[in-house]
Amino acid sequence: MLVGYLKETNSPKTLQSHENVDGEAIVNDLGKLGIILADNATKVTIACKPPCIPISAIPTIEAMGETLFRISGYIESIPISTGKTLIQIIKSTTEEILFDSAALANSFLDEPVDPSIITSKGYLISTGVVWEACDRFNNLPKSNKQAVITKWEERLELLKDAILEIKKLLDQEDNQGDEDDGWDEIFGESLDLPTYNSSNEKEETDGNRSLTKINQTLDQYMDLCKLISDAADELGTSLYPPQDSMAIESKVNDISLHSQELIKVILPFASQEDVNWFNACDTQFKNILAAYHKEE
C-alpha cells in the first residue's frame, strides 16, 4: 500500500486551481497529521514487537494505515495555486515519511516487501526515523514565498561554488598575461552573494496581484535560478581540459539567456544599483562572446 502511495506522491499531476489558497493552513494541517502518525508509529511498535499478538496489533496497524491514507490524499488535494515550490517541498517531505513508514512496517515482516526498494534496520531504529520524518512536517515553509527563499538560498550556495571555480580558472589564465577581462569588478573581492530574510511574515497582496499570481512569479524566479546555477556549474566543468570551444560558448550563451530572462522578471522591482550591476554583467557576457567570435 505504501509503495503505491509513494508512486502517487512522485506523480507530477497536481490539481489546477486559480483560487487563492492559504499555504500556512495547509502546512498546519500536515503538522497535525504528522503528530498523529508519530503516535500511531509508537503504538504499532509496542503492539507488533515480538511476541506479537495479532488481535492487539491489527487495530494499531489499521489506524496507522488510515493516517497515511489521509496524508497521501491530502497531498493529492493541494492545488497548484498554492505554489509549485512549496508543493515540491511538501511532496519531498511526504515521500520521506511514506518511505520511513514502509521501512518500519517491513521491520516486522518475516518476508519483507520489495526489499530492493525498502530497507530496514530494525523496528526501534525505524520508529525513531518515522518520528523524525513526522517532525519535518512541522518545519515546512509556511508559504510558497518561504519555500522559494529556502530553495533560493540553497541554489545560491551551489552558484557561489561554481563562481569560485570559474574565477579560479580565469585567474590562472590571467597569470599568463596582463590583460584585464573585466570580471574582477563584477565578481568583487569577497564574492558575497545576497541573503534573504526568511521571516514568518505572511505574504501580502494588493488589488492588482492575487496570491496565485505572486506564487507563479516566485516559482518563475526559482526555475530560472536553477537553470542559471546548473548552467554555471556546467560552464565550470567545460573549462577544464580537454576544452571544447563550442561547448564553452554554448554554456556561456545559456547563462546569458537565462540571466537576461531573470533580469526581465526582476527589473520592475530592482533598485538602480541592481539594475546597473545587471547591465554590467550583460555587457560583459556580450564582450566575451564578441571576443570569442573575433578570435575564430
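Parameters and conventions
- Throughout, residues of each chain are indexed from 1 in the direction in which the sequence is written.
- It should be noted that, the model being predicted, local features are given only for residues of pLDDT at least 70 and side-chain atom pairs only at 80 or more, the latter also being counted only at that level, while totals for whole chains, interfaces and linings use all residues.
- Only hydrogens and water are set aside; all other atoms, that is, all heavy atoms of the structure, feed into the side-chain values.
- Strands are runs of DSSP state E lasting at least 2 residues, helices are runs of H or I lasting at least 4, and numbering of each runs from the N terminus.
- When a residue's accessible area, from a 1.4 Å probe over protein chains only, is under 20% of the maximum for its type it is buried; when over 50% it is exposed; and in between it is partly exposed.
- A 1.4 Å probe and the Shrake-Rupley method give the accessible areas. Residues count as covered only by the protein chains that appear here.
- A pair of cysteine sulfur atoms is labelled a disulfide when the two atoms are within 2.5 Å.
- For this analysis, a ring pair means two rings from Phe, Tyr or Trp (six-membered ring only for Trp) whose centres lie within 6.5 Å, classed as stacked if their planes differ by under 30 degrees, edge-to-face if by over 60, and tilted for the remaining angles.

S.K.: What exactly am I supposed to notice about the overall build of the chain here?
M.R.: Each helix and strand in the chain was counted, giving ten helices and zero strands. The linear arrangement of helices and strands in the chain, starting from the amino end, is α-α-α-α-α-α-α-α-α-α. In the chain, which comprises 296 residues, the share counted as buried stands at 40%. Accessible area of the chain: about 17500 Å², with a carbon and sulfur share of 54%.

S.K.: Which parts of the structure should I look at to understand the state of the cysteines?
M.R.: One covalent bond between the sulfur atoms of two cysteine residues makes up a disulfide. Overall, the coordinates contain zero disulfides when judged by the stated rule. In this model cysteine 52 remains outside any disulfide bridge; the closest cysteine sulfur is found in cysteine 48, 4.8 Å from its own. Relative accessible area serves as the criterion here: at 39%, cysteine 52 is assigned to the partly exposed category.

S.K.: How should the packing of aromatic side chains be read in this particular structure?
M.R.: To describe a pair of aromatic rings, you give the distance between the ring centres and the angle between the ring planes. According to the stated counting rule, one finds one aromatic pair in the structure shown. Ring plane angle 45° and centroid distance 6.4 Å describe the contact between tyrosine 5 and phenylalanine 69, whose orientation is recorded as tilted. Within this pair, whereas tyrosine 5 is found in helix 1 (residues 2–10), its partner phenylalanine 69 is found in helix 3 (residues 54–76), the two being separated by 64 residues in sequence. Tyrosine 5 gets classed as buried once you look at its relative accessible area, which sits at 12%.

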